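This is what each chain is made of:
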Amino acid sequence: MYSFTKAQGPRALWKGMGSTFIVQGITLGAEGIISEFTPLPRELTHKWSPKQIGGHLILKGIVYAIATPFYSSSLIETVQSEIIRDNPGILDCMKEGIGRLMGLGVPHSKRLLPLLVLTFPTVLHGVLHYIISSIVQKCVLFFIKKRNPARNPSDATSSAQNILEEYFPELLANFAASLCADVMLYPLETVMHRLHIQGTRTIIDNTDLGYEVLPINTQYEGMRETALIL
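Residues numbered from 1 in each chain as written. Predicted model: local features only at pLDDT ≥ 70, side-chain atom pairs only at ≥ 80, totals over all residues. Heavy atoms only, no water.

- Looking at an unreviewed UniProt entry, the protein chain carries the name Solute carrier family 25 member 46, with the source organism given as Staurois parvus.
- The record in UniProt for the protein chain states the following under Subcellular location (unreviewed entry): "Mitochondrion membrane". (UniProt positions renumbered as here; feature names shortened; annotations may be inferred.)

This is how it looks when you write it as structure tokens:
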């Protein structure tokens with residue numbers, strides 16, 4: 001990383017940050033719109049049912065499928081070398097995502113996989129990440145509350161202590177949930193990223209040396225072949 005930042009500057013470590021936020025915005029916007037016009041629940045109530053859980057997971061899957069072309073363009077912007085490209089615009093992620101969806105204006109080769117092939121691993125990773133993180137978050141909150149039962153408000157020493165006891169368990173649970181989901185799904189994420197970048201003529205940095213670039217010359221047919229090679 002020192003050689004990498006020395007050659008390209010510390011700004012190179014933050015490349016693709018804007019497009020990542022755009023993908024998050026598209027995901028949240030699509031989830032809100034779909035939940036408003038369909039019976040698919042955006043949030044689960046305390047008295048949930050298997051039907052509600054199924055509808056909620058279907059909503060998540062549809063949202064990840066909608067975000068797939070934009071996620072692909074954002075990923076390319078994130079890993080592409082700063083040495084060989086101009087500074088991307090704020091809305092380039094959306095333009096390239098729409099172009100990828102329509103099959104227009106996006107440089108590609110015969111090794112580029114169709115979006116239908118990329119949608120399944122992307123949806124699978126997103127839904128599994130959500131399920132694992134939700135389960136871990138609930139378990140961590142349960143054990144924290146069981147070990148430290150809620151106090152009577154009159155027994156509190158200060159308002160700052162109340163705020164700490166109220167929000168710190170949630171922050172800790174969210175951190176543990178994201179960490180566990182990221183670690184458990186890291187192999188699947190690696191497979192997904194390799195499939196998304198293949199055939200896009202992306203030149204990446206050689207992070208071992210910090211001052212060279214490398215082409216991506218993979219020839220995967222799909223998720224199964226990538227997983228077997230890994």
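## Points about the packing of helix α3 (residues 50-79) against helix α4 (residues 92-102)
Then comes step 1: One way to put it is that α3 packs onto α4 with a least axis distance of 8 Å and a crossing angle of 125 degrees. In terms of axis orientation, α3 runs oblique to α4. Of the two elements, α3 crosses α4, and the hand of that crossing is right-handed. Here α3 contributes Pro 69, Phe 70, Ser 72, Ser 73, Ser 74 and Glu 77 to the contact with α4, which in turn contributes Cys 93, Met 94, Glu 96, Gly 97, Ile 98, Arg 100 and Leu 101.
Then comes step 2: Within the contact of α3 with α4, the residues separate by chemical class into six nonpolar, four polar and three charged. (Axes fitted to C-alpha atoms, helices over the stretch in contact; angles between N-to-C directions. Helix = DSSP H or I, 4+ residues; strand = E, 2+ residues; numbered from the N terminus. Parallel < 35°, antiparallel > 145°, perpendicular 65-115°, else oblique. Left-handed = near helix turned anticlockwise from the far one by under 90°. Contact = heavy atoms within 4.5 Å. Nonpolar A, V, L, I, M, F, W, Y, C, P; charged D, E, K, R; others polar.)

## What about the state of the cysteines?
Then comes step 1: Counted by the stated rule, this structure contains zero disulfides.
Then comes step 2: With no disulfide of its own, Cys 139 has Cys 180 as its nearest cysteine by sulfur position, at a separation of 9.8 Å.
Then comes step 3: Taking relative accessible area as the criterion, Cys 180 reaches 32% and is therefore assigned partly exposed. (Disulfide = S-S within 2.5 Å. Buried < 20%, exposed > 50% of the residue type's maximum accessible area, 1.4 Å probe, protein only.)

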